[in-house]
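Read off the chains here:
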Amino acid sequence: DESKYIVTLIPGTEVLLVIKCSEYIKNLSDPGHQFERFVKGGSFGDILDEPRIEHMQVMDIDGYRVLFSAESDAVDESGFPVEIKTSNPRYWGTKVMFQMLSNGSVSLYTGTKKPRHMLSDVNVLPFQRVTEMALGFDEVGTLEKNIVSGMEILLAAVESGQISEKNPFEINFDRAGNMELCAYDREPNVILPPKKVIQELLEL
């Protein structure tokens, strides 16, 4: 996974922005995208790309209000976000659980594949079941400690002036899983529009 996580301060505010940056080539013939189209009522051979669905929600994490904005694969008949996967559950770890948590998905549509990528079954797992599967890999207390520790590192970097609107940083993790902040060598405008534009948007 070549994704990078960049953190910066939104100009004119005390709001920290953490954004995932990745160069992603969308191959619509990939089995995963074919399965998505099938679950959403299309056919495997459809070539039209689907509209992007972005879900936003505010959560309280250790006393801080955090706004999540993340893409979901689809919405169900009640209008709730859902996630769609064809990957093997044994490799999910906690990744799928946190992905569903961030994009507000209430259920997971997962396909079971036979050899040669033949689809044999489709299952719907509620978020609670995905959580139960994920927590077999990590203790809840450990996950909570890691999240709170990461937030404390970011807030301390802001208070010290290390992170500012002009100095974004890349979030990395060492082999032990400890979070590190590394200087981001690209212009801040790659992440956000110019300060004047942001101020107009936020009416600052």
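Note that this is a predicted model, so its numbers are computed, not measured. (Residues numbered from 1 in each chain as written. Predicted model: local features only at pLDDT ≥ 70, side-chain atom pairs only at ≥ 80, totals over all residues. Heavy atoms only, no water.)

**Remarks on the overall build of the protein**
Next, step 1: Scanning the protein from N- to C-terminus turns up five helices and ten strands.
Next, step 2: In terms of overall dimensions, the protein has a C-alpha envelope of 55 × 40 × 30 Å along the principal axes.
Next, step 3: The burial tally for the protein puts 28% of its 204 residues in the buried class.
Next, step 4: In the structure as shown, the protein presents an accessible area of about 13,900 Å², 53% of it carried by carbon and sulfur atoms. (Helix = DSSP H or I, 4+ residues; strand = E, 2+ residues; numbered from the N terminus. Buried < 20%, exposed > 50% of the residue type's maximum accessible area, 1.4 Å probe, protein only. Areas by Shrake-Rupley, 256 points an atom, 1.4 Å probe, with all protein chains shown as cover.)

**What to know about the nonpolar core**
Next, step 1: Listed in full, the nine residues of the largest apolar core are Trp92, Val96, Met97, Met100, Leu108, Leu125, Val130, Ala134 and Leu143.
Next, step 2: Residue assignment for this core shows that the elements contributing at least two residues are α2 (95–103) and α3 (127–134).
Next, step 3: Looking at this core element by element, the count peaks at three residues for α2.
Next, step 4: For tryptophan 92, the contacting residues outside a window of four places in its chain are Lys85, Ser87, Leu108, Thr110, Leu125 and Met133.
Next, step 5: Counting eight residues, the second largest nonpolar core, distinct from the first, contains Leu154, Ala157, Phe169 and Leu181. (Core = buried A, V, L, I, M, F, W, Y, C linked by side-chain atoms within 4.5 Å. Contact = heavy atoms within 4.5 Å.)

**A closer look at the pairing of strand β6 (residues 81–85)**
Consecutive side chains of a regular strand alternate in pointing toward one face of the sheet and then the other.
Next, step 1: Counting buried positions along β6 gives five out of five residues, so the element sits mostly inside the fold.
Next, step 2: Where burial is concerned, the two faces of β6 agree: the one with Pro81, Glu83 and Lys85 and the one with Val82 and Ile84 are both buried.
Next, step 3: Judged from the two bridges that link them, strand β5 (residues 74–75) and β6 form a sheet pairing that is antiparallel. The residue bridging alanine 74 from the neighbouring strand is valine 82, located in β6.
Next, step 4: The turn joining β5 and β6, which pair antiparallel and follow one another in sequence, is formed by five residues; a positive phi near 90° is taken by glycine 79.
Next, step 5: Where β6 lies against strand β7 (residues 107–114), four bridges are found, and the strand directions are parallel. In the strand pairing of β7, isoleucine 84 is matched with tyrosine 109. (Pairing = 2+ DSSP bridges.)

**Focus: the state of the cysteines**
Next, step 1: Enumeration according to the criterion identifies zero disulfides in this entry.
Next, step 2: Unpaired in this structure, cysteine 21 has its nearest cysteine sulfur neighbour in cysteine 182, at a distance of 15 Å.
Next, step 3: Of the residues examined, cysteine 21 reaches a relative accessible area of 25% and is grouped as partly exposed.
Next, step 4: For cysteine 182, a relative accessible area of 28% translates into the label partly exposed. (Disulfide = S-S within 2.5 Å.)

**Side note on the sheet that holds strand β2 (residues 16–21)**
Next, step 1: Judged by pairing direction, the sheet is antiparallel, and its four strands sit side by side in the order β2-β1-β9-β10 without closing on themselves. Looking at the sheet topology across the chains shown, the edges are occupied by β2 and β10 (179–183). With direction set aside, neighbouring strand axes in the sheet form an average angle of 35°.
Next, step 2: Sheet topology places strand β9 (residues 169–173) next to β10; five bridges connect them, and they run antiparallel. Note that in β10 the partner of asparagine 172 across the bridge is glutamate 180.
Next, step 3: Along the sheet, helix α4 (residues 140–159) contacts β1 (4–9), β2, β9 and β10; its crossing angle with β10, the most-contacted strand, is approximately 35°. (Axes fitted to C-alpha atoms, helices over the stretch in contact; angles between N-to-C directions.)

**Let's talk about the pattern of salt bridges**
Next, step 1: This structure, assessed with the given rule, holds five salt bridges.
Next, step 2: With a closest N to O distance of 2.9 Å, glutamate 54 and arginine 52 form a salt bridge.
Next, step 3: One salt bridge connects glutamate 71 with arginine 52, and the closest N-O pair in it is separated by 3.3 Å. Placement of glutamate 71 in strand β4 (residues 64–72) and of arginine 52 in the loop between α1 (31–39) and β3 (53–61) is noted, with a sequence separation of 19 residues between them. (Salt bridge = Lys/Arg side-chain N within 4 Å of Asp/Glu carboxyl O.)

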